[in-house]
Amino acid sequence: MTDSKSISVLGSGSWGTALALQLSGKNSEVKMWGRNPDNVKKINNSRENERYLPGVTLPNNIKLYSDLEKATDDSQNILIATPSNDFRNILIKLKNLDKKFNICWATKGFEVDTGLLPHNICEEIFSSKQNMAVISGPSFASEVAQKKPTAVTVASNNPTFGQYIASNLSDMNFRAYTTQDITGVEIGGAVKNILAIGAGISDGLSYGDNARIALINRGLVEMQRLGVSLGADKNTFLGLSGMGDLVLTCTSNLSRNRRFGLAIAKGLSISRAKNEINQVIEGIDATAAVSKLSDKMSIDMPICKTISRIIFNDLKPELAAKELMSRDLQAE
């Protein structure tokens with residue numbers, strides 16, 4: 001598992017680039033794949049991902065490719081950092097290469113149509129015996145690229161592979177903890193984006209600190225409900241990939257999901273708010289998927305359901321807050 005000549009990162013956005021930078025310290029070569037040949041050529045020549053991580057210089061041992069086969073040549077270990085709506089397609093392309101890979105991802109979210117988590121999709125395309133891992137936790141790409149202290153969780157069905165990824169990522173500025181609870185880590189990474197939209201809406205309406213922390217805390221309860229119903233360990237949601245990522249994403253304006261919520265609170269339409277962010281807002285698809293899944297499984301998730309109605313059913317944010325606050329009282 002550790003004798004690969006290089007490791008490949010699929011995805012040349014901010015997170016893919018930051019993870020490639022992090023891996024470049026312990027690997028003689030890191031191959032990056034991007035779908036746009038012009039962008040790949042530009043980054044290779046300038047040694048800078050000007051759109052996503054401006055001002056950060058890429059070391060020479062990071063090589064970019066727009067050809068997936070070349071990007072994965074000689075690589076036994078793959079790290080996927082693409083949006084969740086492209087995750088299945090990437091796995092299918094890897095499957096068609098007819099090579100054996102250990103597959104890790106930093107992709108967060110559910111597949112909207114099926115309600116599947118990334119590891120479910122991976123098992124469906126490969127098998128339950130596939131070595132796989134997920135990276136998640138309170139980490140903004142820009143801060144990782146700037147070598148600011150960061151801690152994340154790596155969850156894997158193979159402890160040896162999980163430790164390999166954690167070790168390759170870790171240095172004096174980046175610490176990776178390990179677990180085997182893939183389901184819990186993935187659910188935390190998906191649901192926190194929904195709640196960050198809600199926190200942005202709440203702060204955009206000037207509801208204050210009390211409202212924000214209530215949303216975060218009760219949102220954590222909803223995250224746990226869904227996770228435990230799907231077989232996750234409840235304690236996972238108190239860790240970096242649960243509470244840690246949730247608090248960060250709900251409170252920092254580096255979060256595109258929070259900024260999306262702020263834009264909605266200003267009265268912008270959904271389409272205009274998306275255009276203003278001009279990056280993938282994972283919380284939108286996650287909201288749709290979790291709303292469907294919670295209905296299917298009869299799981300009580302009032303905050304997530306309310307955010308879904310704001311995004312997809314034109315519920316006014318002010319009315320949504322009144323509805324949540326007027327729900328029947330119950331035990332905590």
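Everything below is about the structure shown above.
Predicted model, so just to flag it, every value in this text is computed and none were measured.

A.B. asks: Even after reading the chapter, I still don't get the nonpolar core, so can you show me in this structure?
C.D. replies: As a rule of thumb, soluble globular proteins bury nonpolar side chains together. Within the largest apolar cluster, 43 residues are counted, with the highest numbers of intra-cluster contacts made by Phe110, Leu195, Leu226 and Phe260. Every element with two or more residues in this core is listed here: α8 (182–204), α9 (209–229), α10 (240–251), α11 (256–265), α12 (270–277), α13 (282–297) and α14 (302–312). Looking at this core element by element, the count peaks at 9 residues for α8. One finds Leu19, Leu21, Leu23 and Ala145 within the second-largest nonpolar core, a separate group that totals 35 residues.

A.B. asks: What should I look at first to understand unusual backbone geometry in this one?
C.D. replies: Trans is the prevailing form of peptide bonds, just as negative phi is the prevailing case for residues other than glycine. Backbone geometry at lysine 147 places phi at a positive 60°, although glycine is not the residue there. Tracing the backbone shows lysine 147 in the loop between α6 (141–145) and β7 (150–156). Its identity as a non-glycine residue notwithstanding, aspartate 314 has a phi of 60°, on the positive side. Note that aspartate 314 resides in the loop between α14 and α15 (317–325).

A.B. asks: Where do I start with the pairing of strand β8 (residues 174–179) in this structure?
C.D. replies: Looking along a regular strand, one sees the side chains alternate between the two faces of the sheet. Pairing analysis gives 6 bridges linking β7 to β8, with the strands arranged parallel. Opposite valine 152, over in β8, you have alanine 176 as the bridge partner. Following the backbone out of β7, through helix α7 (residues 159–169) and into the adjacent parallel β8, one traces a crossover that is right-handed.

A.B. asks: Would you mind showing me how to read the state of the cysteines here?
C.D. replies: Formally, a disulfide is one covalent bond, and it connects the sulfur atom of one cysteine to the sulfur atom of another. Summed over the entire model, instances satisfying the criterion amount to 0 disulfides. This cysteine, cysteine 122, is not joined by any disulfide, and cysteine 104 carries the nearest cysteine sulfur, 10 Å off. Relative accessible area serves as the criterion here: at 0%, cysteine 122 is assigned to the buried category. For cysteine 250, which is in no disulfide, the shortest distance to another cysteine sulfur is to cysteine 304 and amounts to 10 Å.

A.B. asks: Sorry if this is basic, but what is going on with the environment of aspartate 203 here?
C.D. replies: Structurally, the position occupied by aspartate 203 is in helix α8. Taking the relative accessible area as the measure of exposure, aspartate 203 reaches 16% and is therefore buried. For the pair aspartate 203 and glycine 261, spaced 58 residues apart in the sequence, the C-alpha separation amounts to 8.5 Å. At a separation of 2.8 Å, a polar atom in the side chain of aspartate 203 contacts the side chain of arginine 212.

A.B. asks: Would you explain the packing of α14 against α15 in this entry?
C.D. replies: Two quantities define a packed helix pair, namely the angle between the helix axes and the distance between the axes. Put simply, α14 and α15 touch, their axes get as near as 10 Å, and they point 160° apart. On the basis of the axis angle, α14 is roughly antiparallel to α15. Note that α14 runs across α15; the crossing there is right-handed. Two secondary-structure elements touch here, α14 through Pro302, Ile303, Thr306, Arg309 and Ile310 and α15 through Pro317, Ala320, Glu323 and Leu324. Of the residues belonging to the contact of α14 with α15, the class tally is 6 nonpolar, 1 polar and 2 charged.

A.B. asks: Is there a simple way to explain the layout of surface pockets in this structure?
C.D. replies: One way to see where empty space is left: roll a probe the size of a water molecule over the atoms. Computed from the structure, the largest pocket encloses a volume of approximately 1,300 Å³. Every element with two or more residues in the lining of the largest pocket is listed here: α1 (14–23), α2 (37–46), α6, α8, α10 and α11. The dominant element in the lining of the largest pocket, judged by the number of residues it contributes, is α2, at 5 residues. Partitioned by chemical class, the residues of the lining of the largest pocket number 16 nonpolar, 22 polar and 12 charged. Lining the second largest pocket are 28 residues, with Ala214, Arg218, Ile303, Leu324 and Met325 positioned closest to its centre. For the lining of the second largest pocket, the secondary structure elements donating two or more residues are α8, α9, α14 and α15. Residue contributions to the lining of the second largest pocket peak at 6 residues, all from α9. Classifying every residue of the lining of the second largest pocket gives 17 nonpolar, 4 polar and 7 charged.

Calculation notes
Residues numbered from 1 in each chain as written. Predicted model: local features only at pLDDT ≥ 70, side-chain atom pairs only at ≥ 80, totals over all residues. Heavy atoms only, no water. Core = buried A, V, L, I, M, F, W, Y, C linked by side-chain atoms within 4.5 Å. Buried < 20%, exposed > 50% of the residue type's maximum accessible area, 1.4 Å probe, protein only. Helix = DSSP H or I, 4+ residues; strand = E, 2+ residues; numbered from the N terminus. Pairing = 2+ DSSP bridges. Right-handed = clockwise from strand over helix to strand, strands pointing away. Disulfide = S-S within 2.5 Å. Polar contact = N/O pair within 3.5 Å; in protein donor to acceptor, adjacent residues only side chain to side chain. Axes fitted to C-alpha atoms, helices over the stretch in contact; angles between N-to-C directions. Parallel < 35°, antiparallel > 145°, perpendicular 65-115°, else oblique. Left-handed = near helix turned anticlockwise from the far one by under 90°. Contact = heavy atoms within 4.5 Å. Nonpolar A, V, L, I, M, F, W, Y, C, P; charged D, E, K, R; others polar. 1 Å grid on protein atoms, 1.4 Å probe; cavity = no way out; pocket = protein on both sides within 12 Å on 5 of 7 lines; lining within 4 Å. Points joined across faces, edges and corners; volume = space filled by probe spheres on them.

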